[in-house]
Amino acid sequence: MGIVEKIKEIEEEMARTQKNKATEYHLGLLKAKLARYRAQLLEPASKSGPAGVGFDVQKSGDARVALIGFPSVGKSTLLSKCTHTASETAAYEFTTLTAIPGVIEYQGARIQLLDLPGIVEGASQGRGRGRQVVATAKTADLILIMLDATKSEEQRRLLEIELDAVGIRLNKRKPDVVFKRRTTGGITLNATVKLTKTDEKTIRTILAGYKLHNCDVMIREDITTDEFIDVLIGTRKYIPCLYVYNKIDAISLELVDKLARTENTVVISCEMDLNLDYLIERIWESLELVKVYTKKRGARPDLSDPVCLRKGATIEDVCLGIHKSLVSNFRNGLVWGRSSKFSPHAQKVSLNHQLQDEDVVSSMFPSLTVSLSLTFYPP
C-alpha cells in the first residue's frame with residue numbers, strides 16, 4: 001500500500017470516528033500517523049532517480065509575497081496591474097504554468113510578488129504540480145489567497161485544507177511549547193496551564209509514536225493535539241495570509257460589504273482597477289516591515305534609500321543587511337527616532353538595540369576616525 005492510500009485510509013477512519021472524550025486518545029494516534037505520512041509524501045526518504053524540474057525563483061527584495069488560488073481567478077492580471085511585469089492572461093484555465101516574479105515598489109521598499117500556477121484539489125499529494133507550488137509558498141513572508149467573489153466559499157475552504165496538509169499554518173503563531181531531546185532520563189513533561197484540549201496520556205503516546213523516549217517538554221499554553229504534533233515535526237511554517245476576493249464588480253453591494261468586513265480580507269476588481277491601492281497598503285501592514293535610514297556624520301540622513309527589515313530588527317540586523325564585516329568592526333552606534341530614549345536627540349546604542357520604524361542610524365568603527373554611514377562598504 002502506497003503512502004497516498006495510507007493517508008486516505010487514515011482520513012476515512014478519522015471521519016468515521018465520533019469525536020468525544022472517549023475517542024480523543026485514538027484520534028490523537030491517528031493524527032500523529034497522518035502527519036508522519038504527509039511528511040514522507042512531501043519529503044521522500046529516497047533521493048534516487050532523476051531530479052525533478054522546479055520553477056522556484058531566487059528570493060529578492062525586502063520581502064516575498066506569494067499569490068495562490070485556483071485557475072482563472074485573476075492572479076496574473078493582479079501581477080500585471082501591481083508591478084511592471086507582464087504575465088500572460090487568457091480566458092482559459094492554467095494560463096500560467098510556472099512562477100512569474102514581479103516587484104512592488106512601495107514606501108522605498110521592494111516587495112517581490114510571485115504569481116504561482118493555479119492549484120487544484122489534491123495539490124498537497126502532487127496533483128497539478130501542487131508540490132512545487134506549495135513548496136514555493138513556504139518561502140513567502142506573506143500569502144495572498146486569491147478567490148473568485150462570484151463563486152462559493154467552498155473554494156476558500158479547499159485551499160486552506162491543501163495548505164494545511166503541507167504544513168503551512170495561516171494567520172497562526174507558533175505554539176508556546178519548549179521541546180528538547182535528550183540521550184537518557186526518559187520523558188519529563190511539565191505544563192504551566194491546565195490542558196483542556198488534550199491530556200498527558202495522549203502526548204506521551206504521540207512521543208512514543210515518533211520514537212521519542214528521552215526528552216523534556218514544557219507546555220506554556222492550552223494547546224491541541226494537532227499543535228503538539230506541529231511542534232514535534234518542527235517544519236511547520238506560520239505565515240500571515242490575506243484573502244483577496246476578485247471580480248467584485250460582478251456581485252451585489254450587499255455581498256461586497258459582507259466580504260469586506262470579514263477578517264484578513266480585501267475585496268478588489270482587477271478588471272476595473274478597484275481597491276488595488278488599498279490592497280498594497282494591506283500587504284505592507286501585514287508584512288510588518290521597518291524602514292531604517294542611515295546617515296554620515298555631519299550630514300542629513302538619506303531618506304531616499306531606506307534599509308527595510310522585519311519588525312523587531314536590531315542594529316546588528318542593519319549591519320548584516322549591508323555587509324557582514326560591519327559587525328566585527330562595530331564599536332557603537334547613534335540612533336535618532338522612536339527607539340531613542342532621548343528623542344528627538346540621539347542615543348548611543350549597541351548591536352542588540354531594537355529599532356523602530358523610520359529610525360535614523362549612524363555607526364562608529366574603531367579603525368576609522370570619522371563616523372561613517374552604514375550604506376558604505378569597508379575598503
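Keep in mind that what you see is a predicted model, and the values were worked out from it rather than measured.

Participant: Please set out the pattern of salt bridges residue by residue, giving values where relevant.
Facilitator: Applying the stated criterion to the full structure yields 18 salt bridges. Between Lys-81 and Asp-273 there is a salt bridge; the shortest N-O distance is 2.9 Å. Residue Lys-81 is found in helix α3 (residues 75-82), and its partner Asp-273 is found in the loop between β11 (265-267) and α9 (276-287); the two are separated by 192 residues along the sequence. Accessibility expressed as a relative area gives 46% for Asp-273, which makes it partly exposed. Through salt bridges with shared partners, a single network forms among Asp-164, Arg-169, Asp-230 and Arg-236.

Participant: Give a description of the environment of Leu-195 that names residues and reports values.
Facilitator: Mapped onto the elements, Leu-195 comes out in the loop between β7 (187-191) and α6 (200-209). Judged by relative accessible area, Leu-195 falls into the partly exposed class, the value being 23%. Considering only alpha carbons, one finds Leu-195 and Arg-220, 25 residues apart in sequence, at a separation of 9.7 Å. The residues contacting Leu-195, other than those within four sequence positions of it, are Ile-203, Ile-219, Glu-221, Asp-222 and Ile-223.

Participant: Explain the sheet that holds strand β6 (residues 177-181) to me, using residue names and the numbers behind them.
Facilitator: Overall, mixed pairing links the 3 strands, which are arranged β6-β8-β7 in an open sheet. Only two strands of the sheet have a single neighbouring strand rather than two, namely β6 and β7. Across the sheet, the axes of successive neighbouring strands diverge by a mean angle of 5°, strand direction being ignored. Judged from the 5 bridges that link them, β7 and strand β8 (residues 215-219) form a sheet pairing that is parallel.

Participant: Summarise the sheet that holds strand β4 (residues 142-148); cite the residues concerned and give the values.
Facilitator: The mixed open sheet is built from 6 strands, whose spatial order is β2-β3-β1-β4-β10-β11. In the strand order of this sheet, the two ends are held by β2 (100-106) and β11, each with one partner. In this sheet, neighbouring strand axes are inclined to one another by 25° on average, regardless of whether the strands run parallel or antiparallel. Pairing of β2 with strand β3 (residues 109-115), which is carried by 7 bridges, proceeds in the antiparallel orientation. Paired with Gly-102 across the strands is Leu-113, a residue of β3. Across the face of the sheet, helix α5 (residues 154-165) comes into contact with β1 (63-69), β4, β10 (241-246) and β11 while running at roughly 150° to β4.

Participant: Mind laying out the environment of Val-267, listing which residues take part and the relevant values?
Facilitator: Position of Val-267 among the secondary structure elements: in strand β11. We classify Val-267 as buried; its relative accessible area is 7%. Once residues lying within four places of it in the same chain are set aside, the contact partners of Val-267 are Tyr-245, Ile-248, Val-256, Leu-259, Ala-260, Leu-274 and Asn-275.

Participant: Which residues make up helix α10 (residues 315-322), and what are the values?
Facilitator: Of the positions making up α10, those classed as buried are Ile-315, Val-318, Cys-319 and Ile-322. Looking down the long axis of α10, one finds its buried residues gathered within 95° of arc, a one-sided arrangement.

Participant: I'd like a rundown of the environment of Glu-162, residues and numbers included.
Facilitator: Along the chain, Glu-162 falls in helix α5. On the basis of relative accessibility, which here comes to 8%, the residue Glu-162 falls in the buried class. Considering only alpha carbons, one finds Glu-162 and Val-134, 28 residues apart in sequence, at a separation of 8.6 Å.

Participant: Residue-level account of the packing of aromatic side chains, with values.
Facilitator: The tally for this structure, following the rule as stated, stands at 1 aromatic pair. It is Arg-156 that lies over the ring of Tyr-243; its NZ or CZ is 3.6 Å from the centre.

Participant: Any details on the packing of α6 against helix α7 (residues 225-233)? Residues and values, ideally.
Facilitator: Think of two packed helices as two axes; the pair is described by the angle between the axes and how far apart they sit. It is the contact of α6 with α7, at a shortest axis distance of 11 Å, that shows an interaxial angle of 35°. Crossing hand, α6 versus α7: right-handed. Residues Thr-202, Ile-203, Ile-206 and Leu-207 of α6 form the contact with α7, whose own contacting residues are Thr-225, Phe-228, Ile-229 and Leu-232. Across the contact of α6 with α7, the residue classes tally to 6 nonpolar, 2 polar and no charged.

Rules used in this analysis
- Residues numbered from 1 in each chain as written.
- Predicted model: local features only at pLDDT ≥ 70, side-chain atom pairs only at ≥ 80, totals over all residues.
- Heavy atoms only, no water.
- Salt bridge = Lys/Arg side-chain N within 4 Å of Asp/Glu carboxyl O.
- Helix = DSSP H or I, 4+ residues; strand = E, 2+ residues; numbered from the N terminus.
- Buried < 20%, exposed > 50% of the residue type's maximum accessible area, 1.4 Å probe, protein only.
- Contact = heavy atoms within 4.5 Å.
- Pairing = 2+ DSSP bridges.
- Axes fitted to C-alpha atoms, helices over the stretch in contact; angles between N-to-C directions.
- Arc of directions from axis to C-beta.
- Phe/Tyr/Trp six-rings, centres within 6.5 Å; stacked < 30°, edge-to-face > 60°.
- Lys NZ or Arg CZ within 6 Å of the ring centre and 35° of its normal.
- Left-handed = near helix turned anticlockwise from the far one by under 90°.
- Nonpolar A, V, L, I, M, F, W, Y, C, P; charged D, E, K, R; others polar.

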